Structure formats: structure tokens, C-alpha cells
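Remarks on the overall topology
Chain residues, written in single-letter form:
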Amino acid sequence: MSGLIGTVAETVPMAEESQRVAPGDGAPHSGLRRNLGFRDLVVYGLLFIAPMAPVGVYGTLDARSGGAVALVYVVATIAMAFTAFSYAQMVRVAPQAGSVFTYARKGLGEGPGFIAGWMAMLDYLLIPAVAYLFAGIAMEALVPEVDRWIWTGIAVVVTTLLNLWGVRAAARVGFAVLLMEVVVLLVFVVSAVVVLVRDGTLRDWWTPFTGDASFSLTAVLGAVSVAVLSYLGFDAIASFAEEVTGGSAKVARAVLFCLALAGLLFVAQSWLVALLEPVSSAQLAADPEKQGSAFYDAVDASVGGWLHDLVAVSKAIGAAFAALAGQAAGGRLLFAMGRDRRLPHVLARTDGGVPRVALLVSAVVTMTAAVWAARRSDGLDHLVSVVDVGALTAFVLLHASVVGWFAVRREEGPPNVLKHVVMPVAGAAILIAVIVEASAAAQVVGVIWLGVGLVVLAVQGVTRGPGAR
């Protein structure tokens, strides 16, 4: 992965478009303020991803994959690596807010660009809602006298105020939260290693990679469709391309660095907790109610309740700030689509370099979804089922935009076949396979959302604007 990062760094130029011009209409614009460095981008990416993201989905992945939970994260990291590389290719082509919406417009045209942004909205607007709900659930467990929906609403208000304050201020607070999460993760790793050395493993050392039953590639791919939820967020780094000092090379490096680090952390912690798991994957599959608490149950049984409480507090705070990063990225997606008049143009307004209108709209949508889900017993299932397919579809269009820009349009001369054809096509094929193995409910919601987007696009009319070349 380090070689890949170096390759990208060499190919990404330092030149940036003026932040005072709105690429969508060519008119003078207040623009976004450039005050983010490499560390800030990494903080936002890791906050959105969350270093201990596998805690909430470990039991589900273990049950679906037949015990090969660490392999699931290996495959998911590889799948996302292709996507990260395509992001790195396109961020130098269009170093602007809007992420995949902007890239698909460049590589494929106005219509596909809108659809890419539309599908990505399921990710950027609802993933924060999932994170806020995680925070509410964790806080309710610690303070049961206060209902989870109240904690969820408080988390939305606090993090929205930080985002309205400005991206730099939010990044500083987020850095402190990220350090806390990393410390808690290190405590877990050290505690798990001590227990394994002292007492031995409850599963074979390689079982988390081979499964504790008969191995099934289909089962692993089905679990990957859930595991990618843990990674959604590294791509949000590209949304801050207009707020970075020093060039788009920093954005490319940050995207790849966050993915590589997250993949390493996810594989390590899922491998360790699987070795401590007192029940088999078949038992978890037969009792779905135990899947959500499987990580905590394994920690309780092997290490003790004190680590359970420590992880719960970390998850409560960390989830809220993961939502902060997601809300910021969602606001910038709305900002870019409003600036290019694919959504109401008022979303493109900025105040002191902060897209406050877009952020407030993002916050309202997120709070509505999060509080609604918090008041329902099945709310979390409904939210999680819809976000993955939207993001994965947007990623497929991202890969297609690389092929379209470099290989079909040849905007920058003869393409590099490996970087501009083989890798994006392979990445798209992997994502399509994951989408096919996703749940039927997620596929249905994705198709419905896509259909609504196509209707909106038809009403607007597909025009060839300045964003497409």
C-alpha cells in the first residue's frame, strides 16, 4: 500500500483551481476557506470510519461468514483499495467539493454525475444518522433513565454547532476524540493479547481467516456487503478538496492512508475478538439477538466488565463524532450539487467560508432520520439496510468515470492501461459482486432511490454544463 501511495503522490499535481470561482456556473463565489492540512484530512476520515467500527457489526459478520470474520475485512479492504485508488486518480482531475458527483460529471457527463451524487446522498446523509443512533444507544445503556432518542438529538445538536463553527475548529475537537478512540483500542488489543497468552484461544488461531465451519466464498461476499459499512467515510475526505492547503496530492495520500490504516485496525481487532469468542458462528447465526452484543459479550467473558464499559463510552462519543465528519461531508456534497444547480442553488451559499445552509439541511435530514429510528425498535435495521447500496453504486460510477476520463475521452493523452482501465474495471466488478450479495431489502431500497433520482433528472433535463468536457 505504501508503494501505491507513493505512485499517487507522484502523479497528482500541486495546481488547484481558484477557490473564489464556482465551477458549476463560472460566477464569482465566496468559496470555501482553505485551512486544512494532511493531519486534518486524516482526522476527518478516521473519525467518520471510527477505529473500532467492527464492534457493532462483529457478531453479524461472524454469523454470516461462518466464522471467517477477519477474512471478510481483508476482502473488504482490498475491494475498497480499488475505490480509493480511483478517488486518488480523479481528485487531481477535479480538486473540488462534491466528491463522486464532481468526478462522474467530469468522466461520464451531467446525467451520470447527478445519479452518482444522488446515490451518494444515501451514504452521506444517512450514515451520520446511523452513527448518531449508535451514540444514543450507547448512552442509554450507560444512563437508562434518559431515552435513546433524547441522547441522539443532543448528539446531533452538539456536533452540528461544531460544524457550523468551521471545519478547522471541528477538526481540532475531532482530533482529541480520535486520540481517545485510539487509546481505548490499544487497551483492548493489549488486554486481548494478555488473555490469549495466559489462557489460550477459544478458536484455532487461523479460524478467523478460514471459518469455524465449512468455508463458503458466497458467505464471505455476503458478509463483505455488510462490512463495507465500516469503511464508508474514507471517501468523504475527497469532499474537502477545496479546503486543503498545499494541493490535491494531500487529499490522495489521506484517502489511501486512512483506508490502509483502517483495514489494518479492522482485521487485527476482529481477529483478536474472534479468538476470544465463546460461542460458534453457527450459534450466533441461530440467535440473531446475540449478534449485536457479540463483541461486548466476548470481552466480558474473557477480560471483564470494566473493558465493556470503557468500549461502550468510547463508542458513544466516537459515534457522535463519526457523525460530525459525515455531516460535514454531506453538507459539502449538497453544496456542490447546489452550486451546479442540480439541487436548489441556495445550498451553495457560504458564510465565512462555511457552507452553513447546506450543513443545516444535512443536519435536519440526519436528525429526522436518526430520531425516527431511535424511537423504533427496528429503526437501526431500517437505516443500515439502505446506506450500503447507495454508496456502492456511487463507487461503481466513480470507477467508470476513471475509464471515461482517461481511456475513452483521453483528456490527458494515452491512458495507463493498468491504472486507468484494469484497476477501475476490477474495482467495479468487485463492488457489483458485493451489491448482488447484499440483502434483498437493501437492493429494493437502492432501486427505489435510483428510480426517484432518474425522475428528478428527467424533470430537470440533462444539460451539458461547464462541469462536463
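As the structure is a prediction and not an experimental result, all values here were calculated from the model. Numbering of residues starts from 1 in every chain and runs along the sequence as written. Residue-level local features of this predicted model are given only where pLDDT is at least 70; pairs of side-chain atoms are given and counted only at 80 or more, and the full residue set underlies all totals for whole chains, interfaces and linings. As a rule here, side-chain values cover all heavy atoms of the structure and leave hydrogens and water aside.

Across its full length, the protein chain holds 18 helices and zero strands. Per-residue accessibility, obtained with a 1.4 Å probe over protein chains only, is compared with the maximum for each type, and a residue is labelled buried under 20%, exposed over 50%, and partly exposed between these values. The 469 residues of the protein chain split such that 59% are buried. Note on definitions: a residue-residue contact is assigned when non-hydrogen atoms from the two residues lie within 4.5 Å. Considering only contacts in the protein chain between residues 6 or more positions apart, those separated by 24 or more positions represent 82%. Here a strand is any run of E in DSSP of at least two residues, a helix any run of H or I of at least four, and the numbering for each starts at the N terminus.

Candidates for patches are residues over 30% relative accessible area with no salt bridge; among them, like charges are joined within 9 Å and nonpolar side chains (Val, Leu, Ile, Met, Phe, Trp, Tyr) within 5 Å. Only the protein chains shown count as cover for residues, with accessible areas throughout obtained via the Shrake-Rupley method and a probe of 1.4 Å. By definition here, a salt bridge exists when the distance from a side-chain nitrogen of Lys or Arg to a carboxyl oxygen of Asp or Glu is within 4 Å. A cluster of nonpolar residues, Trp-149, Ile-150, Ile-154 and Val-158, forms a patch on the protein surface that exposes about 320 Å² of accessible area. Residue classification places Ile-154 among the partly exposed residues on the basis of a relative accessible area of 41%.

For the rest of this paragraph, the subject is the packing of aromatic side chains. Side-chain rings of Phe, Tyr and Trp (the six-membered ring for Trp) are treated as a pair once their centres are within 6.5 Å; stacked means planes under 30 degrees apart, edge-to-face means over 60, and tilted covers the remaining angles. On inspection of all chains with the given rule, the structure shows nine aromatic pairs. Between Phe-188 and Phe-295, the aromatic rings sit 5.2 Å apart at their centres with planes inclined by 40°, giving tilted as the arrangement. Of this pair, Phe-188 sits in helix α8 (residues 167-199) while Phe-295 is found in helix α13 (residues 294-302), placing the two residues 107 residues apart along the sequence. Per residue, the accessibility class of Phe-188 equals that of Phe-295, and both read buried. Geometrically, the ring pair formed by Trp-205 and Trp-271 is tilted, given 6.0 Å between the ring centres and 45° between the ring planes. Remark: Trp-271 occurs in helix α11 (residues 249-276) and Trp-205 occurs in the loop between α8 and α9 (207-210); sequence separation between them is 66 residues. Its relative accessible area of 26% is what places Trp-271 among the partly exposed residues. Only Lys NZ and Arg CZ are tested; either one counts as a charge over a ring when it is within 6 Å of the ring centre and within 35 degrees of the ring normal. A cation over a ring is seen here: Arg-375 above Trp-149, with NZ or CZ 5.0 Å from the ring centre.

Before going further, it helps to spend a moment on the pattern of salt bridges. Charged atoms that come close allow side chains of opposite charge to pair. Within the structure shown, the criterion is met by two salt bridges. Across the salt bridge formed by Glu-110 and Arg-105, the nearest N and O atoms sit 2.8 Å from each other. When the shortest N-O distance is used, the salt bridge between Arg-198 and Asp-199 registers 3.0 Å. Taken as a pair, Arg-198 and Asp-199 share a single burial class, namely exposed.

Further remarks concern helix α17 (residues 417-436). The end-to-end C-alpha separation of α17 is 27 Å, in line with the 28 Å expected for 20 residues at 1.5 Å each. The set of residues buried in α17 consists of Lys-419, His-420, Met-423, Pro-424, Gly-427, Ala-428, Leu-431, Val-434 and Ile-435. In protein, a polar contact requires one atom able to donate a hydrogen and another able to accept it; more generally it is a pair of N or O atoms within 3.5 Å, and residues adjacent in sequence count only if both atoms are side-chain atoms. Among the residues of α17, the N-terminal cap falls to Asn-416, whose side-chain oxygen and the backbone nitrogen of Leu-418 are separated by 3.1 Å. Multiplying one less than the number of residues by 1.5 Å gives the expected span of a helix.

Another point: the packing of helix α4 (residues 69-93) against α11. Running from N to C, α4 and α11 point in directions that differ by 175°, and their axes come no closer than 9 Å. When the axes of α4 and α11 are compared, the pair comes out roughly antiparallel. Here Val-69, Ala-70, Tyr-73, Val-74, Thr-77, Met-80, Ala-81, Ala-84, Phe-85, Tyr-87, Ala-88 and Val-91 of α4 come into contact with α11, specifically with Val-251, Ala-252, Val-255, Leu-256, Leu-259, Gly-263, Phe-266, Val-267, Ser-270, Trp-271 and Ala-274. When residues are grouped by polarity, Ala, Val, Leu, Ile, Met, Phe, Trp, Tyr, Cys and Pro land in nonpolar, Asp, Glu, Lys and Arg in charged, and all others, Gly among them, in polar. Residue composition of the contact of α4 with α11, by class: 20 nonpolar, three polar and no charged. Angles shown run from 0 to 180 degrees and are taken between the N-to-C directions of axes, each axis being a line fitted to C-alpha atoms and, for helices, limited to the stretch in contact. Roughly parallel means an angle under 35 degrees; roughly antiparallel means over 145; roughly perpendicular covers 65 to 115; every other angle is labelled oblique.

Moving on to the nonpolar core. Of all hydrophobic cores here, the largest spans 135 residues; its most connected members are Leu-61 and Phe-188. It is helix α6 (residues 110-142) that provides the largest number of residues to this core, a total of 18 residues. Within this scheme, the nonpolar core is defined by two criteria: the residues are buried Ala, Val, Leu, Ile, Met, Phe, Trp, Tyr or Cys, and they are joined through side-chain atoms within 4.5 Å.

Another point: the environment of Thr-366. By the secondary structure assignment, Thr-366 is in helix α15 (residues 356-374). When the C-alpha positions of Thr-366 and Leu-126 are compared, they lie 6.2 Å apart, and in sequence the two are 240 residues distant. Thr-366 has contacts with Leu-125, Pro-128, Ala-129 and Tyr-132, leaving out every residue within four places of it along the chain.

What follows is about empty space enclosed by the protein. Of the grid points, spaced at 1 Å and generated over the protein atoms alone, those admitting a 1.4 Å probe that cannot get out make up cavities, while open sets with protein on both sides within 12 Å along at least five of seven lines make up pockets; any residue with an atom within 4 Å of a point is treated as lining. Grid points are joined across faces, edges and corners, and a volume is the space filled by probe spheres set on the points. Counted according to the given criterion, the structure contains two cavities of 30 Å³ or more. Quantified by volume, the largest cavity comes out at close to 240 Å³. Forming the boundary of the largest cavity are 16 residues, of which Phe-48, Ile-49, Ala-53, Phe-134 and Leu-229 lie nearest the centre. Among the secondary structure elements, those contributing two or more residues to the lining of the largest cavity are α2 (38-49), α3 (54-65), α6, α10 (217-231) and α14 (305-339). Looking at the lining of the largest cavity element by element, the count peaks at four residues for α6. In the lining of the largest cavity, the residues fall into 13 nonpolar, two polar and one charged.

Turning to helix α7 (residues 148-165), a few remarks are in order. End to end, α7 covers 26 Å across 18 residues, agreeing with the expected 26 Å (1.5 Å per residue, within 8%). Three or more residues of α7 are buried, namely Trp-151, Thr-152, Gly-153, Ala-155, Val-156, Thr-159, Thr-160, Leu-162, Asn-163 and Leu-164. The opening residue of α7 is Asp-147, an N-cap whose side-chain oxygen sits 3.0 Å from the backbone nitrogen of Trp-149.

Checked against the element boundaries, Glu-277 lands in the loop between α11 and α12 (281-286). We classify Glu-277 as buried; its relative accessible area is 3%. At 3.4 Å, the side chain of Glu-277 and the backbone nitrogen of Val-279 are in polar contact.

Looking at the protein chain as a whole, the pLDDT averages 76, with 82% of positions reaching at least 70. The predictor reports its confidence for every residue as pLDDT, a score running from 0 up to 100. Across residues 464-469 the pLDDT falls below 50, and counting only partners more than four positions away or on other chains, this stretch makes 16 contacts in the model.

What follows is about the environment of Trp-118. With respect to the secondary-structure elements, Trp-118 resides in helix α6. Look at Trp-118 and you get buried, because its relative accessible area is 9%. Considering only alpha carbons, one finds Trp-118 and Leu-457, 339 residues apart in sequence, at a separation of 9.8 Å. With near-sequence residues (within four places) excluded, Trp-118 lies in contact with Met-337, Trp-449, Val-452, Gly-453 and Val-456.

Turning to the packing of α3 against α10, a few remarks are in order. Relative orientation of the contacting elements α3 and α10 amounts to 170°, with a least axis distance of 9 Å. It follows that α3 is roughly antiparallel to α10 by the angle criterion. When α3 is examined against α10, the residues Pro-54, Val-57, Thr-60, Leu-61, Arg-64 and Ser-65 are found in contact with a partner set consisting of Ala-219, Gly-222, Ala-223, Ser-225, Val-226, Ala-227 and Ser-230. Taken together, the residues of the contact of α3 with α10 break down into seven nonpolar, five polar and one charged.

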